[in-house]
Amino acid sequence: MRTRVTLPALALLWTCCAAAQQEAVTAFVDVQVVPMDRERLLAHQTVLVRGTRIAELGAARQIKVPPQALRVDGAGTAYLLPGLADMHTHVMRAEDLLPYTANGVTTILHMGGAPADFVDHIQQSIDAGDVVGPQIFFAFMIDGSPALSRFYVRTPDQARAAVQLAKANGYVFMKVYNNLTPEEFAALVDEGHKLGLAVIGHGVRAVGLPAALFQGQVMVAHAEEFYYTAFSHRVPSDPGTVKAVVEDTFRSGAYVTPNLSTFATIVRQWGKPQVIDEFLRDPRIRFLSPDQRMDWSDSDYTRRHGDISPVLPFLATFTKALADRGVPLLAGTDSPVIPGMLPGSSIHEDLQSLVAAGLTPFQALSAATRVPGEFIVRYVPGAAPFGEIKPGARADLLLVSANPLQSPEALRHPLGVMSAGRWRTQQQLDELLAEQKSRYERVLQ
């Protein structure tokens, strides 16, 4: 006898199966938790993950682990913290996303230039598990001149239309570049406010910083943008001038991505073609797509003249002043389009640069966890909370063998990474990287 399955029954079966899949449980048992809500360590904890969210956090002796749960045993010595966020990337290829995950980066902010099909489909592929990568938030980059081969506008009306186009195509931020007029910038901010796309990016030269922040720009993409605008391409000798800019930036409520590691890498290759050869000999290059390696080999920075190295210590001092005043800072690398800034692993250089500038490890780590989560939730309607270990947050987690509050270096070699509830051990991530390396070697033969 045939069993007749009705459409309502099929719908119920699908719902039950989907719910079961979402309710997959992972338990991190007896771990040292670095929750990142403030500078503290919670010893001997168990963290339960259901589906894509953190469900419970508590003392290991009190949390009951469901029998069906996947158990990750911390043995009282492993440290669990939120996954890292790289808030300035320009990754253009799906295959370059894996190194971010393998290095503990579970969120990236894409700052413009991505192919349309990448923007359209990549998040769905990641969510489905077809592509290994972090969650991605896209910014639409816009300029006021065709000189730099970017999308550009010529009038305020065109600027408003650009925001509407970005909204229709799934972007969640507008990234301004250098050459907009004050009127075009104002139109972008106003239309962005109406449609829920906050303005971030460079210091528009005709508007300046910090003035643009009081007009509605909510994040500056490089500390060097202040050097170009507020300080007129000069390292200021008057501490009072620097203090006034820092104070205005604080009062504006804007965020800043210092990008110190990026500027240091640019300084290193400025006018020095041999440095690119060094980058291309780095063993980590084997995980970078061949197309991107070719782009590196034609770096424009190697053809530049002059000496920009004196700017770097000023940017570090300026970043420390911003942090001391309470300006919220974001970690970001400009990877992988800047030669030397490898996807994923460059976040560790950025954290190191923040600590070298005088920030504490907790402050540096906050710039790659809690503060990005706060920024995204504030400006992207409907975004899930992340960046802290707490019930309800996205299950983006990083397990390491040493205390990252003592040294961010502990983050370079994760024991495993959980991205949106999917747990992968270090061995599994290494195997994925090895497969990618082999594919590239076959292509390059």
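Shown above is the structure to which this text applies.
Residues numbered from 1 in each chain as written. Predicted model: local features only at pLDDT ≥ 70, side-chain atom pairs only at ≥ 80, totals over all residues. Heavy atoms only, no water.

An account of helix α5 (residues 182–195) is requested, with residue identities and associated values reported.
An ideal rise of 1.5 Å per residue puts 20 Å on 14 residues; α5 measures up with 20 Å between its terminal C-alpha atoms. Along α5, the positions that sit buried rather than exposed are Glu184, Phe185, Ala187, Leu188, Val189, Glu191 and Gly192. On its buried face, α5 is in contact with β8 (135–142), α4 (156–168), β9 (173–176), β10 (198–201), α6 (211–214) and β11 (217–220). With its phi angle positive at about 80°, Gly196 sits one or two positions after the end of α5. (Helix = DSSP H or I, 4+ residues; strand = E, 2+ residues; numbered from the N terminus. Expected span 1.5 Å × (residues − 1). Buried < 20%, exposed > 50% of the residue type's maximum accessible area, 1.4 Å probe, protein only. Contact = heavy atoms within 4.5 Å.)

Before we move on, could you go through the layout of surface pockets and cite the residues and values that matter?
Here the largest pocket is characterised by a volume of approximately 1300 Å³. At the level of elements, α3 (116–128), β8, α7 (224–228), α9 (260–269) and α11 (290–297) are the ones that each hand at least two residues to the lining of the largest pocket. A total of four residues in the lining of the largest pocket trace back to one element, the largest contributor, which is α7. Tallied by class, residues from the lining of the largest pocket come to 23 nonpolar, 13 polar and eleven charged. Taken as a whole, the second largest pocket encloses approximately 420 Å³ of empty space. Along its surface, the second largest pocket is lined by 19 residues, and Asn103, Phe287, Ser345, Arg412 and Leu433 are the ones closest to its centre. (1 Å grid on protein atoms, 1.4 Å probe; cavity = no way out; pocket = protein on both sides within 12 Å on 5 of 7 lines; lining within 4 Å. Points joined across faces, edges and corners; volume = space filled by probe spheres on them. Nonpolar A, V, L, I, M, F, W, Y, C, P; charged D, E, K, R; others polar.)

Let's hear about the packing of aromatic side chains: which residues, and what values?
All chains considered together, the criterion is met by 16 aromatic pairs. Here the aromatic rings of Phe226 and Phe318 are separated by 5.1 Å at their centres, their planes lie at 55°, and the arrangement is tilted. You can see Phe226 sitting in helix α7 and its partner Phe318 sitting in helix α12 (residues 311–325), a full 92 residues away along the chain. You'll find Phe226 and Phe318 in the same group, each marked buried. With a centroid separation of 5.9 Å and an interplanar angle of 25°, the aromatic rings of Phe314 and Phe318 are classed as stacked. You can see Phe314 and its partner Phe318 sitting in helix α12, four residues apart, about one turn around the helix. Among the residues examined, Phe314 registers a relative accessible area of 8% and is labelled buried. Judged by its relative accessible area of 1%, Phe318 falls in the buried class. An aromatic cluster of at least three residues, connected via ring pairs, comprises Phe118, Phe138, Phe140, Phe151 and Tyr171. Note that Arg150 overlies the ring of Tyr177, its terminal NZ or CZ placed 4.0 Å from the centroid. Here the basic side chain of Arg325 rests over the ring of Phe250, its NZ or CZ set 3.8 Å away from the ring centre. (Phe/Tyr/Trp six-rings, centres within 6.5 Å; stacked < 30°, edge-to-face > 60°. Lys NZ or Arg CZ within 6 Å of the ring centre and 35° of its normal.)

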